[in-house]
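# Chain and residue survey
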Amino acid sequence: MFVRLLPGDPARLMAGLDATEDSILLVRHGLGLDKPLWTQYGIYMNGLVRGDLGVSNRDATPVSAHVAQAFFPTAELTVAAIVVAMLVGLSAGIVAASAHNTPLDVALTSGAILGISLPSFVLAFILIWVFAVTLRLFPTGGPEGTFAVVLPAVTLGVAAAATIARITRSEMLEVMSQEYVRAARAKGHAPLAVILKHALPNTLIPVLTVIGLQVGFLISGAIIVETVFSWHGLGRLLVDAIASRDYPVIQGVVLLFALEFIAVNILTDVLYAWADPRIRYQG
């Protein structure tokens, strides 16, 4: 209902700049925008419980069709960004903890701080200028080509990777000071085996929590990245819907974002039991 507070009149936008007031009133009536807000809300909720997200104001196409068409490009981008974030974040955090108080640790920690601080649209333009315009290794935008997802995924995943790296480093340093890790070292285990077998498994609970939160942020953060790279996903669909005041599409996309965030948090809770068998959830 709060999307109705956005400035602008969708009826006037659809009727055109030269439309008369009578034409605008007819369009507003056809869209149901002349009804009270509570009535519009009731109509929307009545359709929602039946699985009906409504019809787009722009082209009279069901909102579910728009969302379904844009879902898979966003899913592809989000999965690629998660892979980038986990690979880079976990690796950087483990290496930084293993090289504690060394120049490598300082460099990785500084890089993590920069990754968190750098706005995604600034990073996007830097990557486009270096790898698309100068080196011509990747396309500047759009979903065409096998490697088209690389630059958007890196842009979207860098901030998440930086956050994961900082948490992984912090947790690894705490775990590596425990007695059982020292005992494993004293027994002559290889440093890599000590990290992967003894230290890393005991850092997974807080790291999984951060990863789950970052996945939710990646889904919402795709709005900016998809706009910059002309990626035709949910983020781009939402921006276009806001520009045209297409209320049903806005509501449908935001609802899907909320459901995805809830699903990710439920999956994270399930993974807790996998990461630590001592955890049991009682119904």
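Residues numbered from 1 in each chain as written. Predicted model: local features only at pLDDT ≥ 70, side-chain atom pairs only at ≥ 80, totals over all residues. Heavy atoms only, no water.

### A closer look at the overall build of the protein
Counting secondary structure elements, the protein contains 12 helices and zero strands. When the elements of the protein are put in sequence order from the N terminus, they spell out α-α-α-α-α-α-α-α-α-α-α-α. Against the compact-globule benchmark of 19 Å for 283 residues, the protein has a radius of gyration of 24 Å, which places it well outside the compact range. Here the protein, with 283 residues, has 36% of them falling under the buried criterion. The contacts in the protein between residues at least 6 apart in sequence include a share of 70% that link residues at least 24 apart. Carbon and sulfur atoms provide 69% of the accessible area of the protein, an area that totals close to 15700 Å². (Helix = DSSP H or I, 4+ residues; strand = E, 2+ residues; numbered from the N terminus. Rg over C-alpha atoms; globule rule 2.2 N^0.38 Å. Buried < 20%, exposed > 50% of the residue type's maximum accessible area, 1.4 Å probe, protein only. Contact = heavy atoms within 4.5 Å. Areas by Shrake-Rupley, 256 points an atom, 1.4 Å probe, with all protein chains shown as cover.)

### Regarding the environment of Ile 205
Tracing the backbone shows Ile 205 in helix α10 (residues 204-228). Note: C-alpha distance between Ile 205 and Ala 275 (70 residues apart in sequence) is 6.8 Å.

### What about the side chain of Thr 203?
Mapped onto the elements, Thr 203 comes out in the loop between α9 (191-199) and α10. Its relative accessible area of 0% is what places Thr 203 among the buried residues. Contact partners of Thr 203, with chain neighbours within four places excluded, come to Glu 171, Met 172 and Val 175.

### Things to note about the environment of Val 158
Topologically, Val 158 is positioned in helix α7 (residues 150-176). A relative accessible area of 25% places Val 158 in the partly exposed class. Along the backbone, Val 158 and Leu 114 are 44 residues apart, and their C-alpha atoms lie at a distance of 9.7 Å. Contacts of Val 158, omitting those with residues within four sequence positions, involve Gly 115 and Leu 123.

### A look at the packing of helix α4 (residues 63-98) against helix α12 (residues 247-275)
Their axes nearest at 9 Å, the elements α4 and α12 cross at an angle of 50°. Judged by the inter-axis angle, α4 sits oblique to α12. Two packed elements cross with a definite hand, and for α4 against α12 that hand is right-handed. Residues Val 63, His 66, Val 67 and Phe 71 of α4 form the contact with α12, whose own contacting residues are Pro 248, Val 249, Gly 252, Val 253, Leu 256 and Glu 260. Of the residues assigned to the contact of α4 with α12, the class counts are seven nonpolar, two polar and one charged. (Axes fitted to C-alpha atoms, helices over the stretch in contact; angles between N-to-C directions. Parallel < 35°, antiparallel > 145°, perpendicular 65-115°, else oblique. Left-handed = near helix turned anticlockwise from the far one by under 90°. Nonpolar A, V, L, I, M, F, W, Y, C, P; charged D, E, K, R; others polar.)

### Concerning α9
In an α-helix, one turn spans 3.6 residues, which is why side chains three or four residues apart end up on the same side. Residues of α9 that are buried include every one of Val 194, Ile 195 and Ala 199, and no others. Take α9 and look down its axis: the buried residues cluster within an arc of 95°, on one side only. α9 presents Leu 192 and Lys 197 as exposed residues on the side facing more than 90 degrees away from its buried surface. Taken together, the buried residues of α9 touch α4, α7 and α8 (179-186). (Arc of directions from axis to C-beta.)

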